Amino acid sequence: MNVPFLDLRRETLALRNELEQAVAAVLDSGLFILDGRVADFEAAFARFCGVDHCVGVASGTDALTLALSAGGVGSGDEVIAPAFGPVATVAAISASGAKPVLADVANSTLTLDPGRLEDSLSERTRAIVPVHLYGQPAEMDPILAFARSEGLLVVEDAAQAVAAEYRGVRAGTIGDAGAFSFYPTKNLGALGDGGAVVTNDAELAGRVRLLRAHGADASGQSQLAATNSRLDELQAAILSAKLPHLEERTARRRQLAALYREGLAEGELVLPHETPESRHVFHLFAVRSRERDRLGERLESSGVETRVHYPWAIHQHPAYAELAQKAEGLQASERAALEVVSLPLYPELTDAELEAVIDAVTE
Ligand SMILES: *Cc1c(COP(=O)(O)O)cnc(C)c1O
C-alpha cells in the first residue's frame, strides 16, 4: 500500500462545502484586507486559546518577529532559541534586529533544555523563544522561572502546537506572547500563508497591531515606523471555517499517535516523548533511529513516505554557521539531526494506512 507522507487534498475534500462558501463570501464582499473576517477570526482564535488578544499577521515567522519587536527586543539584544528545529525561529529573531543565541535541547523532548539556558545567557540577553517542537510543549515552568529571575521576555514559538497544552494551559498563552503559523501543513492551516500573535498583554497586542500595518493608528496616522504584515480576509475566512473542526482533528492525531505507540512498542525505535504535564498534538510523529537513513529507504521501498524534520541543527546550516561559535555543547541537537525521521500522521490517515506503516517498520 502506498502511504503518502501528507495529503492536504483529503482535508479540503472533507470540508469542501464550508471552504467554498467561505471563499464565495469574501469574493462577494469586495473586502480583502483587514476587515470583519480578520477581526472575527482573531476573536474566535483568542477564545480558542483562552487568551485576551489575538492579532493576525502574514506568517508564523512574522508573528515571532513582531511579538519580539512589540516586546521591545531589537538591535544589540540577544535572544535564546533552541539549536534544533526549523530555521524559521532564528530567522524571525534576526529579522527583529536581535542576535539569536543557540541553546541545546533536552535529549528526551527535543525542546529547550532548561538546565542549559544559563550557558547561553549574557548581559545582552533580552528574550527566550522556546519552540514547542512537533506539537510537544517545551518545559515552560523552569523556562519561565529562569526568564523571570533574569528579567527576560518569553515569546513561545507555538507554530507546531496549536491546541497543545502544558499543565492544562494552551501552548502559546503561557509566556508573554505566543506565535502561531497557519502555513498549510500546520495543524490549523490556511490556503496560503498566515500567522497570529496571542497575548494577555494589551499593550503588547496594541504594538503588534501597529507593527503589522505601517504603524498606523485608527486615524491612519503612523505612530511607529513599520512595514506591513497582514493576515488577509480570505485566509481568515478559511481559518474560521476550519477552527471548529480543530479539536476533533487534534483528537484523531492523538489517537493515531497512540496506535503507533502500541504497534511500535516492541521495536528498536525511540518513540516521541510525551511528558505527563503536557498534551502533545502530534504536528509530526518523529521517531528516532541510529539507522535513520536505512529505515527511510526501506519504508520508501514499501511505499511509505517519510520526511526528516530536521536534517541539520541550526548552526549546521551555512546561513547560521557563525552561531556555532558562541554555542558550545549542542550535542543533543546534532544527534537529533542524525536520528529523527517523521512517519505519516494526519487526521485523514486511515487505520489501514497506519497498519501498513507499522508493518513496514516492523518487517
Ligand atoms: C512553520 C514554523 C514557523 C514559521 O511559520 P511560517 O508561517 O512558515 O512563517 C516557525 N516556527 C516553527 C516551529 C514552525 O514550525
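Here goes a summary of the coordinates provided. Being a predicted model, the structure only gives us computed values, none of them experimental.

It is worth spelling out the pattern of salt bridges at this point. Under the criterion given, the structure shown has 24 salt bridges. Here Arg9 and Asp7 are joined by a salt bridge, their closest N and O atoms 3.1 Å apart. Among the salt bridges present, the one from Arg294 reaches Glu291, with a minimum N-O distance of 2.4 Å. A relative accessible area of 56% means that Arg294 is categorised as exposed. Of the residues examined, Glu291 reaches a relative accessible area of 43% and is grouped as partly exposed. What you see here is one network of salt bridges that share partners, running through Asp7, Arg9, Arg10 and Glu353.

Looking now at the packing of helix α9 (residues 246-264) against helix α13 (residues 351-362). Helix-helix packing is described using two parameters, namely the angle between the two axes and the distance between the axes. Between α9 and α13, the shortest axis-to-axis distance is 10 Å and the interhelical angle comes to 30°. What the angle tells us is that α9 and α13 run roughly parallel. Read as a crossing pair, α9 and α13 show a hand that is right-handed. Contact residues: Arg252, Leu256, Leu259, Tyr260, Gly263 and Leu264 in α9; Asp351, Leu354, Val357, Ile358, Val361 and Thr362 in α13. Here the residues of the contact of α9 with α13 sort into eight nonpolar, two polar and two charged.

This brings us to unusual backbone geometry. Geometrically, the link from His309 to Tyr310 is a cis peptide bond, its omega value of 20° lying close to zero. With respect to the helices, strands and loops of the structure, Tyr310 is situated in the loop between α10 (292-301) and α11 (323-326). One non-glycine residue, Leu34, lies in positive phi territory at about 40°. Position of Leu34 among the secondary structure elements: in the loop between α2 (16-29) and α3 (36-49). Judged by its relative accessible area of 30%, Leu34 is partly exposed. At Arg167, a residue that is not glycine, the phi angle is positive and equals roughly 50°. Along the chain, the position of Arg167 falls in the loop between β6 (165-166) and β7 (169-170).

This paragraph deals with the site of the ligand. Close to the ligand lie 14 residues; Gly60, Thr61, Asp157, Ser181 and Lys186 are nearest. Within the side chain of Asp157, a nitrogen or oxygen atom sits 2.7 Å from a nitrogen atom of the ligand. The separation between an oxygen atom of the ligand and a polar side-chain atom of Lys186 is 3.0 Å. Within the complex, 89% of the 380 Å² of free accessible area of the ligand lies under protein. For the shell around the ligand, the elements supplying multiple residues, two or more each, are α4 (60-70) and α5 (88-95). Classifying every residue of the shell around the ligand by side-chain character gives five nonpolar, seven polar and two charged.

The subject of this paragraph is the side chain of Asp77. Looking at the element boundaries, Asp77 is found in the loop between α4 and β2 (78-82). The exposure class assigned to Asp77 is buried, which follows from its relative accessible area of 15%. Filtering out sequence-adjacent residues up to four positions away, Asp77 remains in contact with Gly72, Ala98, Lys99, Arg124 and Arg126.

Rules and cut-offs
Residues numbered from 1 in each chain as written. Predicted model: local features only at pLDDT ≥ 70, side-chain atom pairs only at ≥ 80, totals over all residues. Heavy atoms only, no water. Salt bridge = Lys/Arg side-chain N within 4 Å of Asp/Glu carboxyl O. Buried < 20%, exposed > 50% of the residue type's maximum accessible area, 1.4 Å probe, protein only. Axes fitted to C-alpha atoms, helices over the stretch in contact; angles between N-to-C directions. Helix = DSSP H or I, 4+ residues; strand = E, 2+ residues; numbered from the N terminus. Parallel < 35°, antiparallel > 145°, perpendicular 65-115°, else oblique. Left-handed = near helix turned anticlockwise from the far one by under 90°. Contact = heavy atoms within 4.5 Å. Nonpolar A, V, L, I, M, F, W, Y, C, P; charged D, E, K, R; others polar. Near = heavy atom within 4 Å. Polar contact = N/O pair within 3.5 Å; in protein donor to acceptor, adjacent residues only side chain to side chain. Areas by Shrake-Rupley, 256 points an atom, 1.4 Å probe, with all protein chains shown as cover.

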